[in-house]
Amino acid sequence: MTALVDTAPERPLESLESVVIRFCGDSGDGMQLAGTQFTNVSAAFGNDVSTLPDFPAEIRAPAGSLAGVSGYQLCFSSHEIFTPGDEVDTLVAMNPAALKTNLGDLRSGGTLIVNSDAFDKGNLTKAHYSSDPLSDAQVTSSYNLHTVPMTRLTRDAVEGLGLSQREADRCKNFFALGLVYWLYDRDPGPTREWILEKFGKKPQFAEANLRALQAGVNYGDSTESFTTHYRVAPAKLPPGRYRKIMGNEALAYAMAAAAKLSGKELFYAGYPITPASDILHNLAELKNFGIKTFQAEDEISAVTSAVGASFGGAIAVTASSGPGIALKGEGLGLAVMTELPLVVIDVQRGGPSTGLPTKTEQSDLLMTMYGRNGDCPMPVLAAQSPGDCFTMMLEAIRLAVGFMTPVFLLTDGYIANGAEPWSIPKISDLEPIEIKHPTSPPTNENAYLPYLRDERLVRPWAIPGTPGLEHRIGGIEKADVTGNICYDAENHEHMTRIRRQKVANIADAIPPQTVEGPASGDVLLVSWGGTFGAVRTAAAEARRRGESVAHCHLRYLNPFPRNLGTILSRYRRVLVPELNSGQLRMILRSTFLVDAIGVNKVQGKPFLVNELLKAIEHAVVK
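This is a predicted model, so every value here is computed, not measured.

**Here we look at the domain arrangement of the chain**
It is common to give the size of an interface as the accessible area that goes away when the parts come together. Considered domain by domain, the chain is made up of domain 1 (13–232), domain 2 (243–426), domain 3 (436–509) and domain 4 (521–621). Centre-to-centre, using C-alpha coordinates, domain 2 lies 25 Å away from domain 3. The interface is formed by 25 residues belonging to domain 2 together with 27 residues belonging to domain 3. Here domain 2 and domain 3 share an interface that buries about 2300 Å² over both sides, 66% of which is from carbon and sulfur atoms. Three residues stand out in domain 2 for area buried against domain 3, namely Met337, Glu339 and Phe403, and they jointly supply 34% of the buried area on that side. A salt bridge links Glu339 to Lys502; the shortest N-O distance between them is 2.9 Å. At the surface where domain 2 touches domain 3, the tally comes to eleven residue pairs in polar contact (both at pLDDT 80 or more). Every element with two or more residues in the side of domain 2 that touches domain 3 is listed here: α12 (299–311), α14 (329–338) and α16 (388–403). With six residues, α16 is the largest single contributor of residues to the side of domain 2 that touches domain 3.

Pasting the structure below:
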């Protein structure tokens, strides 16, 4: 929907509500940087923003190959949005491979900007083109095609700076960015400031990138190819101080906040793995906020060092992705057996094994629920968006220390690398995290009882070395109350039931489940994790079309909120969209005996809203 709002002397300026842009090129073309800069500028302008970075797993796939294409999609809008968009409005393709792998997502009539200098015989062959697609009648007639000699124009812009040809060509992403800035009436000022800061010690490169950026802006302003440019007004977001935030960033900030709110040190141990590594990178920069980080030699060391830190009285966190979580299994069992607080972040990716390291998936739910030896219950939480990672990380820590248990927090590659505007909370508005360690020995002659429980079945958390509170813990079964080693059959069953009931009791400490839409009706969509945005948008669109559709998004997966069974019973159909083969659906069916229907996608990509609308339509008719 568009409306003409202003007319410059030479170019009309058209107002749009939302725009989806995708930058794509070789993995060395700087497309992630271009997309990130456009996101930063749009967020600073006041738009609501949602992003989808998409890059290959290979560190450096062959240049110009289909496997080496890297892309960054963002949607910026004048109203609240929850997804990076289904169809692309403007596609920037830096070479033939990028065009071939992304053109199918560009809407008919969309703007297509290509670096025509890259469409030589060699690159066309690498992309498996038998002829130049820029001369194809279907391409020229279906899209608003702009062939721009970006490589040559960039080299012209940086001429005289003494750069090698390779160094000059690496600036062409800023040329493309400047052109798109002009097209969407963005202020390049924040990017200029970023360049000066980033290349402050290399003024030659700073000047080159600044020139390339301005050359892109000038090209848009001077060429007759672009007859219109566009403006997307700021969104009306709730009052507050905003910044752009990514999921892994939010997790790190939440850990720093937890250290402040609890007055405790926070210990984080991790082993590098995509897409979780950035948590450690971000956290290492926060060492002045009561944070200690440890890059372990393997996943087992990471989890067991965190268990040890917890035994010592620190807030302990470890993180990984699917393959690493599998390796941590025995250490997690130790944390359950010793009943020590620990938060375990699983940034899910496509599996099994190495799988799809840079692609998103939700296929670790069953592993986090059941993937350990013995009866080994752990609470499971899931963040719904990049900004929500902050909230749910604090919640995971609150439950871990409040119930003396390890807690899983699930995110995924889409949330970890995606970005959105985030209202920065005031520390005074955050709920304090109360941690009480016993400090006095028993007043009678009895020894300290490390497994003497309160009414919620939670044992005390005594710090080793406290006089009079000497005790031992470990992986061998212990007698309740005393903590002495005990192999008695009845005691083992008793302790197994105690550990399970303690986790179940968490249901009394979490909020009741809410539903967006009618309280009863035809269809209820039940989602969890990173599918939130697409499902919320699809449900709203279905209601706009007159359908009776509600949305129930779960952030607490074990235990479930106590009112979930009642909610499920109020709808004729229950659809469960998941980026797996139906893991939550299976749990809901077995727990609540509800005839839940799966909507499943396992392609390493998030749901499109239209995919969900088709599933809703089918369920309503059925």
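Having put the structure on the table, let's press on.
**As for the packing of helix α5 (residues 150–157) against helix α9 (residues 203–222)**
Contact pair α5 / α9: the axes reach a minimum separation of 9 Å and the direction vectors enclose 125 degrees. The orientation of α5 relative to α9 falls into the category oblique. In this structure, the crossing between α5 and α9 has a hand that is right-handed. Of α9, the residues touching α5 (which contributes Leu153, Thr154 and Ala157) are Arg211, Ala212, Ala215 and Tyr219. Of the residues contributing to the contact of α5 with α9, the split by class is five nonpolar, one polar and one charged.

**So, the confidence of the model for the chain**
Here the chain averages 95 in pLDDT, while 98% of its residues score no lower than 70. Contacts of residues 1–8 to residues separated by more than four positions or lying in other chains number 15 contacts, the stretch itself having pLDDT below 50.

**Considering the environment of Asn209**
Mapping Asn209 onto the fold places it in helix α9. Asn209 sits 87 residues away from Ala296 along the chain, and the two C-alpha atoms are 38 Å apart. Apart from the residues lying within four places of it in its own chain, the contact partners of Asn209 are Cys171, Phe174, Ile195 and Phe199.

**Quick notes on the packing of aromatic side chains**
Two measures describe an aromatic ring pair: the distance that separates the ring centres and the angle between the ring planes. Across all of its chains, the model carries 13 aromatic pairs by this definition. Summarising the aromatic geometry, the rings of Phe76 and Tyr184 are spaced 5.7 Å apart at their centres and angled 85 degrees between planes, so their arrangement reads as edge-to-face. Highlighted residues: Phe76 in strand β5 (residues 69–77) and Tyr184 in the loop between α7 (172–183) and α8 (189–198), separated in sequence by 108 residues. Neither residue differs from the other here; Phe76 and Tyr184 are each classed as buried. Relative to Tyr219, the ring of Phe175 lies with its centre 6.0 Å away and its plane at 55 degrees, an arrangement referred to as tilted. Of this pair, Phe175 sits in helix α7 while Tyr219 sits in helix α9; the two residues are 44 residues apart in sequence, bridging distant segments of the chain. Taking relative accessible area as the criterion, Tyr219 reaches 18% and is therefore assigned buried. Three or more aromatic residues link up through ring pairs in this structure, and these residues are Phe23, Phe38, Phe76, Tyr181, Tyr184 and Tyr230. In this arrangement the basic side chain of Lys100 is found over the ring face of Tyr129, its NZ or CZ atom lying 4.9 Å from the centre. Sitting above the plane of the Tyr451 ring, Arg459 keeps its charged end 4.8 Å from the centroid.

**Quick word on the sheet that holds strand β16 (residues 406–412)**
Ordered by their spatial adjacency, seven strands build an open sheet running β12-β11-β13-β14-β16-β15-β20, and the pairing between neighbours is mixed. In the strand order of this sheet, the two ends are held by β12 (291–295) and β20 (556–558), each with one partner. Each strand axis lies, on average, 20 degrees off the axis of its neighbour in the sheet, ignoring direction. As defined by bridge partners, strand β11 (residues 266–270) adjoins strand β13 (residues 315–320) across five bridges and the pair is classed as parallel. Considered in β13, the bridge of Ala269 is made with Thr318.

**Things to note about the pattern of salt bridges**
The full count for this structure, using the stated rule, is 26 salt bridges. Its salt-bridge partner being Asp105, residue Arg22 comes within 2.8 Å of it at the nearest N-O pair. Placement of Arg22 in strand β3 (residues 18–26) and of Asp105 in the loop between α2 (96–102) and β7 (106–115) is noted, with a sequence separation of 83 residues between them. Judged by relative accessible area, Arg22 falls into the buried class, the value being 10%. Asp595 serves as the salt-bridge partner of Arg589, at 3.1 Å between the closest nitrogen and oxygen. Residue class for Asp595 comes out exposed when judged on its relative accessible area of 54%. Among the charged side chains, a salt-bridge network with shared partners connects Glu339, Arg453, Asp480 and Lys502.

**A look at the sheet that holds β5**
The mixed open sheet is built from six strands, whose spatial order is β4-β5-β3-β6-β7-β8. At either margin of the open sheet sits one strand with a lone partner, and together these are β4 (48–54) and β8 (144–148). Mean inter-strand twist for the sheet, computed between neighbouring axes without regard to direction, equals 15 degrees. Pairing of β3 with β5 involves nine bridges; the strand directions are antiparallel. Looking at the pairing, Arg22 lines up with Gln73 of β5. Across the sheet, α5 touches β6 (88–93), β7 and β8, and the angle it forms with β7 is around 45 degrees.

Reading the values: rules and limits
- Residues numbered from 1 in each chain as written.
- Predicted model: local features only at pLDDT ≥ 70, side-chain atom pairs only at ≥ 80, totals over all residues.
- Heavy atoms only, no water.
- Domains from an automatic or database assignment.
- Contact = heavy atoms within 4.5 Å.
- Buried area = accessible area lost by both parts, 1.4 Å probe.
- Salt bridge = Lys/Arg side-chain N within 4 Å of Asp/Glu carboxyl O.
- Polar contact = N/O pair within 3.5 Å; in protein donor to acceptor, adjacent residues only side chain to side chain.
- Helix = DSSP H or I, 4+ residues; strand = E, 2+ residues; numbered from the N terminus.
- Axes fitted to C-alpha atoms, helices over the stretch in contact; angles between N-to-C directions.
- Parallel < 35°, antiparallel > 145°, perpendicular 65-115°, else oblique.
- Left-handed = near helix turned anticlockwise from the far one by under 90°.
- Nonpolar A, V, L, I, M, F, W, Y, C, P; charged D, E, K, R; others polar.
- pLDDT = per-residue confidence, 0-100.
- Phe/Tyr/Trp six-rings, centres within 6.5 Å; stacked < 30°, edge-to-face > 60°.
- Buried < 20%, exposed > 50% of the residue type's maximum accessible area, 1.4 Å probe, protein only.
- Lys NZ or Arg CZ within 6 Å of the ring centre and 35° of its normal.
- Pairing = 2+ DSSP bridges.

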